[in-house]
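# Examining the three-dimensional arrangement
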Amino acid sequence: MTQAHPRISKAVIPAAGLGTRFLPATKATPKEMLPVVDKPAIQYVVEEAAAAGLSDVLMVTGRNKRPLEDHFDRNYELESALTKKGDAGRLAKVQESSDLATMHYVRQGDPKGLGHAVLCAAPHVGEEPFAVLLGDDLIDPRDPLLSRMVEIQEQHGGSVIALMEVDPEHIQMYGCAAAEPTADGDVVKVTGLVEKPSPAEAPSNLAIIGRYVLDPAVFGILRETEPGRGGEIQLTDALQKLAADEKVGGPVHGVVFKGRRYDTGDRGDYLRAIVRLACEREDLGPDFKTWLRSYVHEEM
Ligand code: UTP
């Protein structure tokens, strides 16, 4: 079977934000390195890209972000100490993150917004469609989303964004999509996008979450996009231009995600992610759940 569109192989992970919601933990440590149970949040994101077949990962980083590069590199000192001890289990854990994908890095310099971070990936990505995974958005590994988005992009071309239904009162925290249904129950055609609308202005309760498969035409638009809200170059503004004119970069579709997702840059969501994922773990879950039940019973 001939493929109508080039196969997507590159993932871009913007991780250059300041993480101010998580101060003081993020003063000298990138928020993406905060552990969710015993793995840094960013490792779940790279694992997700690899599971969707994207083995070329470009991380957009900035100042204070060195630990991100170290985490996905080999650590010979630790490896040789664990080899000498014969501790194969822990050795595998150390090696896991450096074997996941071919990693590349680019620095954003000034964090001038998500749109600007994506634009920093242009020389690496070239003229192919590519995926963007936000480094602080954790999709539960049991609820695959990115592979479905890649499939929809291969069917329709253009760009695909991830959407999630939220309480209408919370839509002002997200980018919001105007959309029409398609023959696929979980897919909509996006006709417009607006960044953080008030509930009265919002065209729907479909919020944009941190996964995208984008046509490279987005780079040309980002180069011409003026800073929007907060003086930042907004990715949503560029996507709105793609959605408004299919001739520029093809259609924009949305996959409506019904699974579990956590914003690990938000303290409450971060705690929820840890509790949920710890409960599901075979090694930790049984004891942790017993403790959690009695804690809730006694303290709440
Ligand atoms: P956030 O909106 O969560 O921004 O960015 P932030 O600055 O990291 O966090 P707070 O609000 O100050 O706590 C969403 C994603 O876009 C990346 C972030 O790293 C995060 O993965 N980002 C944001 C960049 O890479 N560069 C930017 O200029 C802004």
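Please read all numbers here as calculations on a predicted model, not as lab measurements.

Before going further, it helps to examine the overall build of the chain. A count of helices and strands for the chain gives 12 helices and 13 strands. Against the 2.2 N^0.38 benchmark of 19 Å for 300 residues, the chain shows a C-alpha radius of gyration of 20 Å, consistent with a compact globule. Overall size of the chain, expressed as C-alpha extent along the three principal axes, is 60 × 45 × 45 Å. Within the span of the chain, comprising 300 residues, buried residues form 49% of the whole. Residue pairs in contact within the chain that sit at least 24 positions apart in sequence constitute 76% of those at least 6 positions apart. Accessible surface for the chain amounts to roughly 14900 Å². Of this, 52% is attributable to carbon and sulfur atoms.

To continue, consider the packing of helix α11 (residues 267-280) against helix α12 (residues 285-299). Running from N to C, α11 and α12 point in directions that differ by 125°, and their axes come no closer than 7 Å. The orientation of α11 relative to α12 falls into the category oblique. Along its contact with α11, which presents Val275, Ala278 and Cys279, the element α12 presents Gly285, Phe288, Lys289 and Leu292. Residues of the contact of α11 with α12, tallied by class, amount to five nonpolar, one polar and one charged.

Relative to the elements of secondary structure, Glu48 occurs in helix α1 (residues 41-51). Setting aside residues no more than four positions away along its own chain, Glu48 makes contact with Leu133, Ile139, Leu146 and Arg211.

Let us look at the nonpolar core. The biggest cluster of nonpolar side chains holds 35 residues, and the ones touching the most others in it are Phe130, Ile161, Val190, Tyr212, Val218 and Leu239. Per-element tally for this core: the top contributor is helix α9 (residues 235-244), with five residues. Among all residues touching Val218, those that are not within four sequence positions of it are Phe130, Leu235, Ala238, Leu239 and Leu242. Grouped together as the second largest cluster of nonpolar side chains are 33 residues, Ala11, Met59, Leu68 and Val150 included.

Here the focus is the pairing of strand β11 (residues 206-214). Burial within β11 is extensive, with nine of its nine residues counted as buried. Of the pairings in the sheet, the one linking strand β6 (residues 130-133) to β11 comprises four bridges and is antiparallel in character. The residue bridging Val132 from the neighbouring strand is Tyr212, located in β11. In the sheet, strand β8 (residues 159-165) pairs with β11 via six bridges, with the strands oriented antiparallel.

Mapped onto this structure's residue numbering, the UniProt feature "domain: Nucleotidyl transferase" (unreviewed entry) falls at residues 10-275. Within residues 10-275, the helical portion is 33% and the strand portion 26%, while the C-alpha atoms at the span's ends are 32 Å from each other.

Along the chain, Leu134 turns up in the loop between β6 and β7 (137-139). The exposure class assigned to Leu134 is buried, which follows from its relative accessible area of 15%. Spatially, the C-alpha atom of Leu134 lies 11 Å from that of Ala41, the residues being 93 residues apart in sequence.

Once that is clear, we can look at helix α8 (residues 217-224). Turning to α8, its buried residues are Val218, Phe219, Ile221 and Leu222. For α8, the angular spread of the buried residues around the axis is 165°, confining them to a single face. Along α8, exposed side chains directed more than 90 degrees from the buried face belong to Arg223 and Glu224. Those residues of α8 that are buried are in contact with α5 (114-119), α6 (122-125), β6, β11, α9 and α10 (246-249).

What counts as what
Residues numbered from 1 in each chain as written. Predicted model: local features only at pLDDT ≥ 70, side-chain atom pairs only at ≥ 80, totals over all residues. Heavy atoms only, no water. Helix = DSSP H or I, 4+ residues; strand = E, 2+ residues; numbered from the N terminus. Rg over C-alpha atoms; globule rule 2.2 N^0.38 Å. Buried < 20%, exposed > 50% of the residue type's maximum accessible area, 1.4 Å probe, protein only. Contact = heavy atoms within 4.5 Å. Areas by Shrake-Rupley, 256 points an atom, 1.4 Å probe, with all protein chains shown as cover. Axes fitted to C-alpha atoms, helices over the stretch in contact; angles between N-to-C directions. Parallel < 35°, antiparallel > 145°, perpendicular 65-115°, else oblique. Nonpolar A, V, L, I, M, F, W, Y, C, P; charged D, E, K, R; others polar. Core = buried A, V, L, I, M, F, W, Y, C linked by side-chain atoms within 4.5 Å. Pairing = 2+ DSSP bridges. UniProt positions renumbered as here; feature names shortened; annotations may be inferred. Arc of directions from axis to C-beta.

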